[in-house]
Amino acid sequence: MASKTTTVKSSITITFVSILLFTAAIFSTLFLHSSFDINSTAGYSPLKAILTPITHHNHTDTTPAISKELQKKLEIQLNCTLGNLITTCPASYYPSKFTDKNQASSSSPPPTCPDYFRWIYDDLWPWRETGITKEMVMQARRTADFRLVIVNGKAYVETYRKAFQSRDTFTLWGILQLLRRYPGKVPDLDLMFDTVDWPVIKAEFYRYPKAPAPPPLFRYCGNDRSLDIVFPDWSFWGWPEINIKPWETLSKDLMKGNEKIKWTDREPYAYWKGNPVVAETRKDLLKCNVSEKQDWSARVYAQDWIQEQKQAYKQSDLASQCIHRYKIYVEGSAWSVSEKYILACDSVTLLVKPHYYDFYTRGLMPLQHYWPIKDNDKCRSIKHAVDWGNTHKQEAQAIGRAARDFIQEQLKMDYVYDYMFHLLSEYSKLLKYKPTVPPKAVELCSETMACPAEGLAKKFMLESMVEVPSDAIPCNMPPPFGPAGLHSILDRKENSIKQVDSWEQQYWKNKSKQQ
């Protein structure tokens, strides 16, 4: 895993001649043996999607792992010699491409990617036969916040509208770090990205006979009624507006937080803290809070982010919130980034029936990674879950540990970057045209984003910056699910939820008899 930089000198006093001599020395060492390249959806069904391989319209060669020696030579920091005034990408010795001569063969094959990577085949299925034309991409501009083009390992962006807070900024920052992690391996591509929560590409408009292919549009979540392409959200690189650290740092903090209090010594209640005004389902959850008349075994708190900001976020440290045996996840206006933070605590996640998914949550299994909660009868469902867990402590702890292990092992940043790499690579193979830089697009690089940044935004960028190429190649994509495997997974999920529903009905029936 590439090391991270926590401090970068934003201004360096150095003469122009010295810069030229330093750059020349680096080039002569680094490139002695290298080259620098500057150069129908009718009848759609998820089952058919994962049974049918994607047709590749172009190909990208795979490259071996980078040698340790070369990796050390490539370690660089930001070139912020102009401080906040930098507006263009400096001529950098950070390579955009490698040749085999500069890389050593890996001593062992890369691991197989987690199973949730298989959903990439499904997300790209609508374009399996038609491929993706430039006209299709441009049709997605209607709601897109920006257009991203990658050509010869460099990123260019055309902004259509400013996203909410820093969603677009940190999404693009994450993509830049992918390019730094795997220089020369991310193929040329052209895509539209919408940072708003709700999916907008309605599947019903593209399922009838002879229907056109949908416009390909990237976003953070999807649902069963949409065809939006799901991509990792911005918070993996930090959310400065509410002081949420980059995932690499925060996941380690959560692991330490888990160790502070043993599960059996934690508060035997279900905990939730968040912003309730964004969704009716969250307002409904507030009714489950303890009162003088009723205790549903839930401890629910409304989060006032304005007040939190004034108090330096002292009451919203996520790593300090693993003190209850149970934690509730409930969606906001759509999916919520909070899910990974809740699952990372080895508390039992009580997951209110979701209507959306992000890129990894399709790999979660009820009764293995979480306990399902009804969305139309939350309070009684939560009460039953807590009572069950408190009387089945070993089984409850196993669920919490399984979720924690899933998040820490299968959602580490290595796999987040690999998911991005494989999704973008498979998407690129579907393009039926050669991407070119749009006239209004500007080149993006780490310098133009991080050097002018201030406060937490700058801090989080520096924390999450990839300094050196990865010393390993991306994980191997698993094959699509077979029909038996898919049906087994779907049946298992459905049967697990039915099992909990049966237990819950019996629980309340027994309660009524006791009264």
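Owing to the predicted nature of the structure, the values given are computational and were not obtained by experimental measurement.

Residues and numbers for the state of the cysteines, please.
Applying the stated criterion across every chain, the model contains 5 disulfides. Here C288 connects covalently by a disulfide to C379, the sulfurs 2.2 Å from one another. Torsion about the S-S bond of the C288 and C379 cystine: about -90 degrees, corresponding to left-handed handedness. Of this pair, C288 sits in the loop between α8 (280-286) and β7 (298-302) while C379 sits in helix α11 (residues 378-391), placing them 91 residues apart in sequence. The side chain of C322 participates in a disulfide bridge whose partner is C345; the two sulfur atoms lie 1.8 Å from each other. Negative torsions about the S-S bond denote left-handed disulfides, and the value of about -65 degrees found for C322 with C345 makes this one left-handed. Taken together, the residues C322 in the loop between α9 (305-310) and β8 (324-329) and C345 in the loop between α10 (338-344) and β9 (348-352) connect sequence positions 23 residues apart. Relative accessible area serves as the criterion here: at 2%, C322 is assigned to the buried category. What makes C345 buried here is its relative accessible area of 0%. Each bonded cysteine of the protein chain gets a number by its place in the sequence, and the pairs then read 1-9, 2-8, 3-10, 4-7, 5-6.

Kindly report on the confidence of the model for the protein chain, identifying the contributing residues and their values.
Interpreting fine coordinate detail is not advised for predicted regions of low pLDDT. For the protein chain, the average pLDDT comes to 84, and 81% of its residues sit at 70 or higher. Confidence drops under pLDDT 50 across residues 1-66; counting only partners more than four residues distant or on other chains, this segment forms 144 contacts.

Outline unusual backbone geometry, supporting the account with residue identities and numerical values.
The residue N152 is not glycine, and still its phi comes out positive at about 55 degrees. Its location among the elements puts N152 in the loop between β1 (146-151) and β2 (154-159). Given a relative accessible area of 23%, N152 falls into the partly exposed group. Unlike most non-glycine residues, L367 shows phi in positive territory, near 70 degrees. Looking at where L367 falls in the secondary structure, it is placed in the loop between β9 and β10 (371-373). Of the residues examined, L367 reaches a relative accessible area of 25% and is grouped as partly exposed.

Residues and numbers for the sheet that holds β9, please.
Read across the sheet, 5 strands follow the order β7-β6-β8-β9-β10 without closing on themselves; strand pairing throughout is parallel. In this open sheet, the two strands that pair with only one neighbour each are β7 and β10. The sheet shows a mean angle of 25 degrees between the axes of neighbouring strands, taken without regard to direction. Sheet analysis places β9 next to β10, joined by 3 bridges and oriented parallel. Considered in β10, the bridge of L351 is made with P372.

Got a sec to walk through the packing of helix α6 (residues 167-181) against helix α13 (residues 413-430)? Specific residues and values, please.
One can describe the packing of α6 onto α13 by two numbers: an axis separation of 10 Å at closest approach and a directional angle of 90 degrees. The pairing of α6 with α13 is recorded here as roughly perpendicular in orientation. Facing α6, whose interface residues are G174, I175, Q177, L178 and R181, α13 presents D414, Y417, D418, M420, F421 and L424. Looking at the contact of α6 with α13 residue by residue, the classes come out as 6 nonpolar, 2 polar and 3 charged.

So, the environment of L351: which residues are in play, and what are the values?
Tracing the backbone through its elements, the reader meets L351 in strand β9. Each C-alpha atom, one on L351 and one on P372, is 5.1 Å from the other, the two residues being 21 residues apart in sequence. When near neighbours in sequence (up to four residues on either side) are disregarded, L351 contacts Y329, E339, Y370, W371, P372 and I373.

Go over the pattern of salt bridges, please, and point to the residues and values.
For the coordinates displayed, the defined rule picks out 26 salt bridges. Across the salt bridge formed by D414 and R181, the nearest N and O atoms sit 3.3 Å from each other. Separated by 233 residues along the polypeptide, D414 in helix α13 and R181 in helix α6 bring together distant segments of the chain. What makes R181 buried here is its relative accessible area of 4%. For D253, the salt bridge is made with K245, and the minimal N-O distance between the two is 2.9 Å.

What counts as what
- Residues numbered from 1 in each chain as written.
- Predicted model: local features only at pLDDT ≥ 70, side-chain atom pairs only at ≥ 80, totals over all residues.
- Heavy atoms only, no water.
- Disulfide = S-S within 2.5 Å.
- Helix = DSSP H or I, 4+ residues; strand = E, 2+ residues; numbered from the N terminus.
- Buried < 20%, exposed > 50% of the residue type's maximum accessible area, 1.4 Å probe, protein only.
- pLDDT = per-residue confidence, 0-100.
- Contact = heavy atoms within 4.5 Å.
- Pairing = 2+ DSSP bridges.
- Axes fitted to C-alpha atoms, helices over the stretch in contact; angles between N-to-C directions.
- Parallel < 35°, antiparallel > 145°, perpendicular 65-115°, else oblique.
- Nonpolar A, V, L, I, M, F, W, Y, C, P; charged D, E, K, R; others polar.
- Salt bridge = Lys/Arg side-chain N within 4 Å of Asp/Glu carboxyl O.

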